[in-house]
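Okay, here's what each chain looks like letter by letter:
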Amino acid sequence: MAKAFRGGIRFSETLRAAKETALHVPLCVFTPHIIHLPLQEGRTNFSPTVIDGVHVRVGDVVATDPTGNTPPIHSGLSGTARVEKNSRLTPDGKPCTVISVIGDGLKTAAIPLPPLSNTADPSSIVQRMYDGGLVGLGGAGFPTFRKYKDKTAHHLLINACECEPYLACDGRLVIEQTDTVREGINYLMHAGSVPESGVRLCAESDAVTEGLHRIADGTRWKVVRLPERYPQGSEKQLIRAVLGLELPQGVYPADWGILVSNIGTAAAMADAANGLPLTHRAVTVSGVVAKPRNLFVPIGTPFRELAAQTEPLITGRQSQLIAGGAMTGRRLVCADAGLPKTCGGVLVLPIESEEESPCIRCGACVRVCPSGLMPYLIDQAWLQQEDGLCADLKATSCISCGCCSRVCPARRQLAARITHIRRKGG
Ligand code: SF4
Ligand code: SF4
C-alpha cells in the first residue's frame, strides 16, 4: 500500500464531483482554423525555420532551439505560416515572435519519421524523443530527451495521478488509449534501461487504476493506487508515496536512478516512435461550464476557442480563463493565445477578490505545505526584503503547489510570492 506524503489537501466533494464528471467525458478531436506557437518558452528562444507565407504540413518543424537544449516545435495544422515579431499572442501577453498557421482545412501530413523498431537501443529512442519534440506533458515541460539521456535507472514511475481538480484528460488517455500508452511505456523503460520489475503505474481514482491494470496486463509492471490527496502528482511527493524515499533538496530524481514521466508523455512517446512528432495533446476544458470537455487538439489552439466548446455559465467581467489547473494554473492575459505543449487544462472560473489581510498566525499554511516549509515566515521575510532569510527558510524547496494560498483565511498570496522567490534563486 502506498504511503501518504506530508501535508497536502483533500478537495471538497463539489470539486471531486467535477473531476468525476470530466472523467466520464470521452476524448474528442477538435481542429481550430488557426494555431499560435510562441517562440519563447521559459528561458528558451526558438528560431523560426519557416518564412512568412510559406505552406506547412502537419508535423513540419517550424522552429528549433539553436542551443539544442529543447526539442523542435512542429505544426499541428496544414496551411499558411505567418511569422510575427513582437506579437502579444502569448498566454502572459508579453511580446515575442509567434508563428501562426492559418489552416487550409486539408490536414496534409508531413512525411513521417521512419518508425523505430521494438528493439531500438536507448540512444535511438532518446534521439527520437528530441526529433519528435517531446517534453514532459504533465506541466513542467522538461525536455524528455534530457531526462532519459545516458540514464540507467532502477525505477520508472508513470504518473496518471492528475491530482488537480477538474482535470481528467490524462485519465481518458489511460481509459481510451491502452495500447498506445503501453507501447510508449515500453520505449521509456528501454530508454532508461529500467528493469521491467521497476515500472510503477500510479493513479488515484478507481476508473484510472482499472485502466492501468489493463495496460500492465501480461507485464511485471506494478499498479499503485494512491490516496486522493493533492499534490500527489508532484514528482517528489509521488516518489515518497510510491517508493518511500525522501530525496534531498536540489536532487534530480533521474540522478538517483528514478525516472518519472506523465502518462501523456508515454502516449506521445509511442506516437513519436511510430514517426509522428508531438503536434497535438489532450486537454480538459472545464470550470463553471455547462459541458466540460476532454479534447484532443493541435498545440497552439487558441484558449478562447477551447473555452467556447464548453458553453461557459459565466462570462465577461465575472469570469477569468485559467491556463492549467485551478491550483497551479495561471490567469490568461491574452485569451487568443495558443495552448502550450505543457498545458492539460483550460478553466473558466469566477474572478475572486485578491485583497489580502494581515496574517493571523493560524498555522494552516504550515500544516498543508508538502515541502515542510513555513510559508507565513517566508512571506514576512519577503515583505521585509530579507533575501538571506528567505534562503534560510528554504524557499527554493517550494514546489508551487498552491496549497498554502488555498487554505489561508487572510488570502495571503503566499504561493505566488514564494514561487517568485524560488525562481530568482532563494
Ligand atoms: S510554500 Fe510552496 S510547496 Fe509549500 S504549500 Fe506553498 S506553494 Fe506549496
Ligand atoms: S494560513 Fe495565512 S493567516 Fe494562517 S499562518 Fe499562514 S499566512 Fe498566516
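Rules used in this analysis
- Residues numbered from 1 in each chain as written.
- Chains lettered and ligands numbered in written order.
- Predicted model: local features only at pLDDT ≥ 70, side-chain atom pairs only at ≥ 80, totals over all residues.
- Helix = DSSP H or I, 4+ residues; strand = E, 2+ residues; numbered from the N terminus.
- Buried ≥ 20, exposed ≤ 12 C-beta atoms within 10 Å, placed from the backbone.
- Pairing = 2+ DSSP bridges.
- Right-handed = clockwise from strand over helix to strand, strands pointing away.
- Arc of directions from axis to C-beta.
- Domains from an automatic or database assignment.
- Nonpolar A, V, L, I, M, F, W, Y, C, P; charged D, E, K, R; others polar.
- Near = placed C-beta within 6 Å.
- Axes fitted to C-alpha atoms, helices over the stretch in contact; angles between N-to-C directions.
- Parallel < 35°, antiparallel > 145°, perpendicular 65-115°, else oblique.
- Left-handed = near helix turned anticlockwise from the far one by under 90°.
- Contact = placed C-beta atoms within 7 Å.

Some thoughts on unusual backbone geometry
Cis rather than trans, the peptide bond between Y230 and P231 has omega equal to 0 degrees. One can find P231 in the loop between β13 (222-225) and α7 (235-243). We note that Q385 has phi near 55 degrees; this positive angle belongs to a residue other than glycine. Summarising the element assignment, Q385 is placed in the loop between α11 (375-383) and α12 (387-392). Owing to 8 C-beta atoms within 10 Å, Q385 belongs among the exposed residues under this scheme. In this structure, S400 is a non-glycine residue whose phi angle is positive, near 55 degrees. Mapped onto the fold, S400 is located in the loop between α12 and α13 (403-407).

Structural notes on the pairing of β13
Strand direction decides the pairing type here: strand β12 (residues 199-203) and β13, joined by four bridges, are parallel. Pairing of R200 across the sheet is with K222, part of β13. Taken together, β12, helix α6 (residues 206-216) and β13 form a β-α-β motif whose crossover is right-handed.

Section: α6
Taken residue by residue, α6 has V208, G211, L212 and I215 as its buried positions. Within α6, the buried residues cover an arc of 100 degrees as seen down the axis, which keeps them to one side. Residue G218 follows α6 closely and has a positive phi angle near 85 degrees.

Observations regarding the domain arrangement of the protein
The domain architecture assigned to the protein consists of domain 1 (13-24 + 118-273), domain 2 (34-103), domain 3 (280-350) and domain 4 (364-423). For domain 1 versus domain 3, the separation of C-alpha centres amounts to 24 Å. Those elements that place two or more of their residues in the side of domain 1 that touches domain 3 are α1 (13-23) and α4 (169-176). Ranked by residues supplied to the side of domain 1 that touches domain 3, first place goes to α4 with four residues. Taken together, the residues that form the side of domain 1 that touches domain 3 break down as eleven nonpolar, four polar and three charged.

Considering the site of ligand 1
Around ligand 1 lies a shell of 16 residues, among which C369, C398, C401, C404 and A415 are the nearest. Looking at which element gives the most residues to the shell around ligand 1, the answer is helix α14 (residues 414-423), with three residues. Considered class by class, the residues forming the shell around ligand 1 number 13 nonpolar, three polar and no charged.

Overview of the packing of α11 against α14
At a closest axis distance of 10 Å, the pairing of α11 and α14 adopts a crossing angle of 65 degrees. Between α11 and α14, the crossing angle belongs to the class labelled roughly perpendicular. Like other packed secondary-structure pairs, α11 and α14 cross with a definite hand, here left-handed. Contacts between α11 and α14 involve P375, I378, D379 and W382 from the former and L414, R417, I418 and I421 from the latter. Each residue belonging to the contact of α11 with α14 can be placed in one class, and the counts come to six nonpolar, no polar and two charged.

Looking at the sheet that holds strand β16 (residues 293-298)
The sheet built from six strands is open, its strands ordered β1-β16-β15-β19-β17-β18 with mixed pairing. Every other strand in the sheet has two partners, leaving β1 (27-29) and β18 (330-331) as the edge strands with one partner each. When strand β17 (residues 319-323) meets β18, the two strands line up antiparallel, connected through two bridges. Across the sheet, residue A323 finds its bridge partner in β18, namely R330. On the sheet, α4 packs against β1, β15 (280-287) and β16 and is oriented at approximately 125 degrees with respect to β15.

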